Amino acid sequence: MPKILPSKKLDTAKIPAPLPEDFVKTMQASLQSTREQHMVRGIEELEKLDSITALVDALVFKALEAGASDIHVDPQGEILLIRFRIDGVLHDVLSLKKAFQPLVTTRIKVLAGLRTDEHLVPQDGRFGMEDDDGNKVEIRVSIIPTFYGENAVLRLLVGGTHVIQLEDLGLSARDLALVHRYIYKPYGMILATGPTGSGKTTTLYSVLRILNTREVSIVTIEDPIEYAVDGITQLQVNPQTGFTFASGLRSIVRQDPNIVMVGEIRDQETAGIAVNAAMTGHLLLSTLHTIDAATTLPRLLDMGIEPFLIASTVNILIGQRLVRKLCVDCRVSATLSAEERMALSGSISEERLRSLKQVWRPGGCDHCAHSGYTKRIGIYEVLEMSEKIRPLVMRRANAEEIRTVAREEGMTTMFDDGLQKVMTGMTSLAELIRVIKD
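Residues numbered from 1 in each chain as written. Predicted model: local features only at pLDDT ≥ 70, side-chain atom pairs only at ≥ 80, totals over all residues. Heavy atoms only, no water.

**Student:** Go over the overall build of the protein, please, and point to the residues and values.
**Tutor:** Across its full length, the protein holds 15 helices and 16 strands. A total of about 20700 Å² of accessible surface is found on the protein, and carbon and sulfur atoms cover 51% of it. (Helix = DSSP H or I, 4+ residues; strand = E, 2+ residues; numbered from the N terminus. Areas by Shrake-Rupley, 256 points an atom, 1.4 Å probe, with all protein chains shown as cover.)

So, in structure tokens, the structure goes:
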């Protein structure tokens, strides 16, 4: 049986909270939909539950079994709602009585080493677990006060996760060639952009996987460290001790690195140090939260970085999202409907719309648990800091101007890349529109 690795504070902490007799039936009924659609098996194990401790443990194990990336513990007016995020989509899993809310939250706090007597300020922590095979999983915990009580989100991070090869991420031939060209530059910046959960860190680690040789020194600063990689010096941000991205990066550049990865550029101070590092002979990789590649350049300007510094240090910008992949065993071919043509009419040219004869849709089979999808793949746009883009940055052009010139130079937008994956049967049009919302 997998086991949670307790924190030091858990040695003497006990939370006795027997579950009601009808709890197992409630749990089974609530989990049924998620089990059928996402292969959450072994619900009969829940018959052994007799405490809140067992409940929280079971939720973590079931989430891992279902391939979930996050567990959401959402307080509502009359209930406590448990949801799993699987392949980027939230699914209702369990509805508990409101009385369970403080018990579940307290158990999570104890595991994460947080204050159980504090209910009015946000708290962050983490704890670990092991499965039957000895694989370590880190659970990152975030708790914030809301109108109906404390909301908890548990991010599941599988330690030692295999870093995906760059060629397997879903980049087109053009974009892959551009990335390969610039990752071997001795200095400059490579920035991955997109919202939380769009695979930015995975992309950067796929690059580091190629660059990780004995001849170079690679140092990363992250929050949290999502991949443990031999041969790379990895630092964990710790705001409680004053070790932030900015202070950590300032120390890193004095460690004689060749390549530096900053988990996220969040503020002006970090951005300024990153740009200076890129100018002084370091290849710097980082992420930014922007809607696409072109928006990243005005965002850096908003952070107070001078235009000439951006133009001279940024090499490429990688905009990305993740879409669910169609199950190859049950996907079905279909003609484009009138509604789908109308939805696409404002996003692609009429000529391309007329040529779009066939699309693929999800089916449903045992292999994909009748969901029609298995795993995810990236859709990308790679913007090169070319001789035509640099003058636009220098005169502080907006994102639309930059995007237009980049497309004239051959850049494929995320929507266009996604549409190509729709036509080849990798994903569905509905999934593309859900993610891009174009």
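**Student:** Can you tell me about the side chain of T296, naming the residues and giving the values?
**Tutor:** Position of T296 relative to the elements: it lies in helix α8 (residues 293-302). Ignoring sequence-local partners within four residues, the contact set of T296 consists of L191, T193, L288, T290 and L317. (Contact = heavy atoms within 4.5 Å.)

**Student:** Any details on the environment of V137? Residues and values, ideally.
**Tutor:** Here V137 is to be found in strand β6 (residues 136-146). For V137, a relative accessible area of 7% corresponds to the buried category. (Buried < 20%, exposed > 50% of the residue type's maximum accessible area, 1.4 Å probe, protein only.)

**Student:** Could you give an account of the sheet that holds strand β11 (residues 259-262), naming the residues involved and the relevant values?
**Tutor:** If you trace the 7 strands from one edge of the open sheet to the other, you get β10-β9-β11-β12-β8-β13-β16, paired in mixed fashion. Here the strands that pair on one side only, and so sit at the sheet edges, are β10 (233-236) and β16 (373-384). The average undirected angle you get between the axes of adjacent strands in this sheet is 20°. Here strand β9 (residues 218-222) runs beside β11; their pairing, made up of 4 bridges, is parallel. Bridge pairing links V219 to V260 in β11. (Pairing = 2+ DSSP bridges. Axes fitted to C-alpha atoms, helices over the stretch in contact; angles between N-to-C directions.)

**Student:** Please provide a residue-by-residue account of the environment of I252, values included.
**Tutor:** Mapped onto the elements of the fold, I252 is located in helix α6 (residues 245-252). Judged by its relative accessible area of 1%, I252 is buried. I252 sits 33 residues away from V219 along the chain, and the two C-alpha atoms are 7.1 Å apart. Ignoring sequence-local partners within four residues, the contact set of I252 consists of V219, T220, I221, L235, P257 and V260.

**Student:** Now, about the pattern of salt bridges: what can you tell me, with residues and values included?
**Tutor:** Considering all chains together, one arrives at 20 salt bridges under this definition. Here R250 and E269 are joined by a salt bridge, their closest N and O atoms 2.6 Å apart. Separated by 19 residues along the polypeptide, R250 in helix α6 and E269 in helix α7 (residues 268-279) bring together distant segments of the chain. By relative accessible area, which is 34% here, R250 ends up partly exposed. Counted as one network, the salt bridges with shared partners bring together D223, E264 and R266. (Salt bridge = Lys/Arg side-chain N within 4 Å of Asp/Glu carboxyl O.)

**Student:** Outline empty space enclosed by the protein, listing residues and values.
**Tutor:** One pass over the full model with this rule turns up 1 cavity of 30 Å³ or more. Along the walls of the largest cavity sit V56, L59, V60, I71, V73, V104, I108 and L154, which together make up its complete lining. Those elements giving two or more residues to the lining of the largest cavity turn out to be α2 (52-65), β2 (68-75) and α3 (101-112). In terms of residues, the lining of the largest cavity owes the most to one element, α2, which gives 3 residues. (1 Å grid on protein atoms, 1.4 Å probe; cavity = no way out; pocket = protein on both sides within 12 Å on 5 of 7 lines; lining within 4 Å. Points joined across faces, edges and corners; volume = space filled by probe spheres on them.)

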